[in-house]
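Structural overview for review
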Amino acid sequence: MRSVTYSMGVSLDGYIVGPDGGFAWTPPDDEVFRFAIDQIREVGVHFMGRRLYEAMLYWETADQDPSLDDARLEWTALWKALPKVVFSTTLSAVQGRARLASGSVADEVARLRAEPGEGGIAIGGATLAAEAAAAGLIDEYRPKVYPVLVGGGIPFFPQRERQVDLELVETRTFGSGVVYLRHRVVRGAD
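Read on for a plain summary of the structure. This one's a predicted model, so the numbers in the text were calculated from it and none came from an experiment.

1. Details of the pattern of salt bridges
- Applying the stated criterion to the full structure yields 19 salt bridges.
- In this structure, the salt-bridge partner of arginine 111 is glutamate 115, at a minimum N-O distance of 2.5 Å.
- You can call glutamate 115 partly exposed: its relative accessible area is 36%.
- It is possible to trace a salt-bridge network through shared partners that takes in Glu42, Glu140, Arg142, Glu167, Glu170, Arg182 and Arg184.

2. As for the packing of aromatic side chains
- The full count for this structure, using the stated rule, is 13 aromatic pairs.
- For the ring pair tyrosine 6 and tyrosine 141, a centre distance of 6.2 Å and an interplane angle of 75 degrees mean the geometry is edge-to-face. Taken together, the residues span a long stretch of sequence, with tyrosine 6 in strand E1 (residues 4-6) and tyrosine 141 in strand E8 (residues 140-141) at a distance of 135 residues.
- For tyrosine 6, a relative accessible area of 0% gives the class buried.
- Ring plane angle 65 degrees and centroid distance 4.7 Å describe the contact between phenylalanine 35 and tyrosine 180, whose orientation is recorded as edge-to-face. Within this pair, whereas phenylalanine 35 is found in helix H1 (residues 30-40), its partner tyrosine 180 is found in strand E12 (residues 179-185), the two being separated by 145 residues in sequence.
- The exposure class of tyrosine 180 is buried, given its relative accessible area of 1%.
- Taken together through their ring pairs, the aromatic side chains of Phe33, Tyr58, Trp59, Trp75 and Trp79 make up a single cluster.
- When the ring centre of phenylalanine 33 is taken as origin, the NZ or CZ atom of arginine 72, which lies over that ring, is 4.0 Å away.
- Directly above the ring of tryptophan 79 sits lysine 84, whose terminal nitrogen or CZ lies 5.1 Å from the centroid.

3. Some points on the packing of H1 against helix H4 (residues 70-81)
- Closest axis-to-axis distance for the H1/H4 pair is 10 Å, and the angle between their directions is 25 degrees. With respect to their mutual orientation, H1 and H4 come out roughly parallel. Judged by the twist between their axes, the crossing of H1 over H4 is left-handed. Residues Asp30, Phe33, Arg34, Ala36, Ile37 and Ile40 of H1 touch H4, and the partners they reach there are Ala71, Arg72, Glu74, Trp75, Leu78 and Trp79.
- Residue composition of the contact of H1 with H4, by class: 8 nonpolar, no polar and 4 charged.

4. Quick look at H4
- If you check H4, its first and last C-alpha atoms are 17 Å apart, about what 12 residues at 1.5 Å a residue would give, namely 16 Å.
- Along H4, the positions that sit buried rather than exposed are Ala71, Arg72, Trp75, Thr76 and Trp79. Seen from one end, H4 has its buried residues packed into an arc of 140 degrees, which puts them on one side.
- One side-chain oxygen at the N-terminal end of H4 lies 3.3 Å from the backbone nitrogen of alanine 71; it belongs to aspartate 69.

5. Regarding the side chain of arginine 72
- Its location among the elements puts arginine 72 in helix H4.
- If sequence neighbours within four positions are ignored, arginine 72 has contacts with Pro28, Asp30, Phe33 and Trp59.

6. Observations concerning the side chain of glutamine 39
- Its place among the elements puts glutamine 39 in helix H1.
- Excluding its chain neighbours within four sequence positions, the residues that come into contact with glutamine 39 are Ser7, Arg142, Lys144 and Tyr180.

7. A few points about the pairing of strand E11 (residues 166-173)
- In this sheet, E12 lies alongside E11 in antiparallel orientation, the contact comprising 7 bridges. Bridge pairing links leucine 166 to valine 185 in E12.
- Once E11 ends, the chain turns through 5 residues before running back antiparallel as E12, passing glycine 177 with a positive phi of about 95 degrees.

Rules of the game
Residues numbered from 1 in each chain as written. Predicted model: local features only at pLDDT ≥ 70, side-chain atom pairs only at ≥ 80, totals over all residues. Heavy atoms only, no water. Salt bridge = Lys/Arg side-chain N within 4 Å of Asp/Glu carboxyl O. Buried < 20%, exposed > 50% of the residue type's maximum accessible area, 1.4 Å probe, protein only. Phe/Tyr/Trp six-rings, centres within 6.5 Å; stacked < 30°, edge-to-face > 60°. Helix = DSSP H or I, 4+ residues; strand = E, 2+ residues; numbered from the N terminus. Lys NZ or Arg CZ within 6 Å of the ring centre and 35° of its normal. Axes fitted to C-alpha atoms, helices over the stretch in contact; angles between N-to-C directions. Parallel < 35°, antiparallel > 145°, perpendicular 65-115°, else oblique. Left-handed = near helix turned anticlockwise from the far one by under 90°. Contact = heavy atoms within 4.5 Å. Nonpolar A, V, L, I, M, F, W, Y, C, P; charged D, E, K, R; others polar. Expected span 1.5 Å × (residues − 1). Arc of directions from axis to C-beta. Polar contact = N/O pair within 3.5 Å; in protein donor to acceptor, adjacent residues only side chain to side chain. Pairing = 2+ DSSP bridges.

Written out as C-alpha cells, the structure reads:
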C-alpha cells in the first residue's frame with residue numbers, strides 16, 4: 001500500500017511561512033537540495049494546494065534558465081515528470097503533469113491506493129496536510145527544521161489535531177544547521 005508523507009521546511013518555532021507569508025528563510029543549500037532530490041525520487045504522486053502549486057510552477061519551465069546548475073536541472077526533470085494532484089476551489093486549470101482533484105484528500109488517497117503504482121503519496125501544504133491528518137491518512141511526518149524563529153504564520157502541524165503517537169525512524173543534521181526528522185505514525189493493532 002502506498003504510504004502518505006507530509007514534508008516541508010519548517011521554522012524551529014513550527015511555521016512553514018512567517019507572519020508576512022514569506023519563506024525566504026528556507027532556500028536549501030546544496031546539501032539539503034541534493035537530499036530533496038533523493039527524496040523526490042521516492043514519490044509517485046504529489047498532492048498540493050493552490051498556493052504551493054503556484055509557488056512550484058517555476059520548476060515547470062526552470063530548465064529554460066541557462067544559469068541553473070546540474071542539481072537544479074535534475075530536480076526540474078524529476079519534478080516535471082512527477083504526477084501532481086492540486087486541491088483548489090479557485091483554479092479552473094493546471095499545467096504540466098498536474099490535474100485538479102476530483103474529490104477530497106481521503107477520496108484521492110483511497111483511489112490511488114487502489115490503483116497499481118510505484119512510489120509514495122507526498123503531501124505539501126499545511127492546510128491539505130491538516131485535512132489528511134484529521135482523516136488519519138498521514139503515515140509519516142518529515143519536517144526539515146530550519147534554525148530560525150519567525151514568530152508566527154502558518155503552522156506546520158494542524159492546531160486542531162488529536163494526539164498522534166510517533167516513532168522516530170531517522171534524523172539527519174546538515175552542515176547549514178537544518179535538521180531533518182522522520183517520524184512514523186504509530187498505528188494501533190487492528
